[in-house]
Amino acid sequence: MSNLRSELTRSNPPYKINTNNRFSYYTTIEFVIDNMRRHIQFKVDTGSPHTIIGIELLAKKGVHIDQRILQNTPSTNLKAATDSDVNIYPYTVKEFQLTDEICFENIQIYLSYEIKYRAVLGMDILSLFDFQYKHEKGNMLGTFWINNYEEHLQKINNILKRKNLDYVDVEQIFLLDESEKKSVNYTQQDLEANFIQNQINQIPDK
């Protein structure tokens, strides 16, 4: 197993916050959306099931999403921590540079009007890897690390190749992975059953 780890580099919050920096973690991610390369500061949010960018934040960065595309895209309704409704729309971006070592050529994230000028890096992407929040010696501010990233990237790429997929859809990746696990387990059960049956067949009749 690879022991390589990759740092999810901490960056300053995009705006002044009222809490200590220890209580929040932001990272800057570079990616291409609608043929425009942008750097966006994401809040690492392990309580969010999805990675989401506010449409107003993109507009501030000069990326104007065609509303007609979103109107024709099925949306998912989430409940925010404030119990308000948040509609999210799947959207594929390119060259999503999660860390210096981890880059997704094409990956599906989500856009939303409701979160306005914010962006969150959620569990859909984080859970593709082993990650940890670790205090380094002599530093009160911890660091998010992605552990054994080469092994996990290889697994993701193998699934994409086997299923002939041209972008990472995290939910689909998990479904395919679980499906393959069940298929392997079923095959193993078949082998064991066949072995037992063969042993029974070799018992001579009295």
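Refer to the structure above for everything that follows.
Residues numbered from 1 in each chain as written. Predicted model: local features only at pLDDT ≥ 70, side-chain atom pairs only at ≥ 80, totals over all residues. Heavy atoms only, no water.

Chemist: Kindly report on the packing of aromatic side chains, identifying the contributing residues and their values.
Modeler: All chains considered together, the criterion is met by nine aromatic pairs. With a centroid separation of 6.1 Å and 85° between ring planes, the pair formed by Tyr25 and Tyr133 is classed as edge-to-face. With Tyr25 in the loop between β1 (5–8) and β2 (26–33) and Tyr133 in strand β9 (residues 130–135), the pair connects residues that are 108 residues apart, well separated along the chain. You can call Tyr133 partly exposed: its relative accessible area is 34%. Measuring from centroid to centroid gives 6.3 Å for Tyr89 and Tyr113, while their planes differ by 85°, and the two rings are edge-to-face. Taken together, the residues span a long stretch of sequence, with Tyr89 in strand β6 (residues 85–97) and Tyr113 in the loop between β7 (103–112) and β8 (119–121) at a distance of 24 residues. An aromatic cluster is built from Tyr25, Phe131, Tyr133 and Phe144, whose rings are joined through pairwise contacts. (Phe/Tyr/Trp six-rings, centres within 6.5 Å; stacked < 30°, edge-to-face > 60°. Helix = DSSP H or I, 4+ residues; strand = E, 2+ residues; numbered from the N terminus. Buried < 20%, exposed > 50% of the residue type's maximum accessible area, 1.4 Å probe, protein only.)

Chemist: Explain the side chain of Thr143 to me, using residue names and the numbers behind them.
Modeler: Structurally, Thr143 is set in strand β10 (residues 142–147). According to the relative accessible area criterion, Thr143 is buried, its value standing at 9%.

Chemist: Account for the pairing of β2, naming residues and giving values.
Modeler: Along a regular strand, successive side chains alternate from one face of the sheet to the other. Of all the eight residues making up β2, six are buried; the element is thus mostly covered by neighbouring parts of the structure. Count of turn residues in the β2/strand β3 (residues 36–44) antiparallel hairpin: two residues, of which Asp34 carries a positive phi of about 50°. In terms of strand pairing, β2 meets β6 through two bridges, oriented antiparallel. Residue pairing for β6: Val32 is matched across the bridge by Lys94. (Pairing = 2+ DSSP bridges.)

Chemist: For unusual backbone geometry, give the residues involved together with the corresponding values.
Modeler: Phi at Asp34 takes a positive value of approximately 50°, unusual for a residue other than glycine. With respect to the helices and strands, Asp34 occurs in the loop between β2 and β3. When its relative accessible area of 36% is taken as the criterion, Asp34 is described as partly exposed. In this structure, Asn164 takes a positive phi of about 55° despite not being glycine. Inspection of the secondary structure assignment puts Asn164 in the loop between α4 (149–162) and α5 (170–201). By relative accessible area, which is 71% here, Asn164 ends up exposed.

That's the geometry; what it means functionally is another story.
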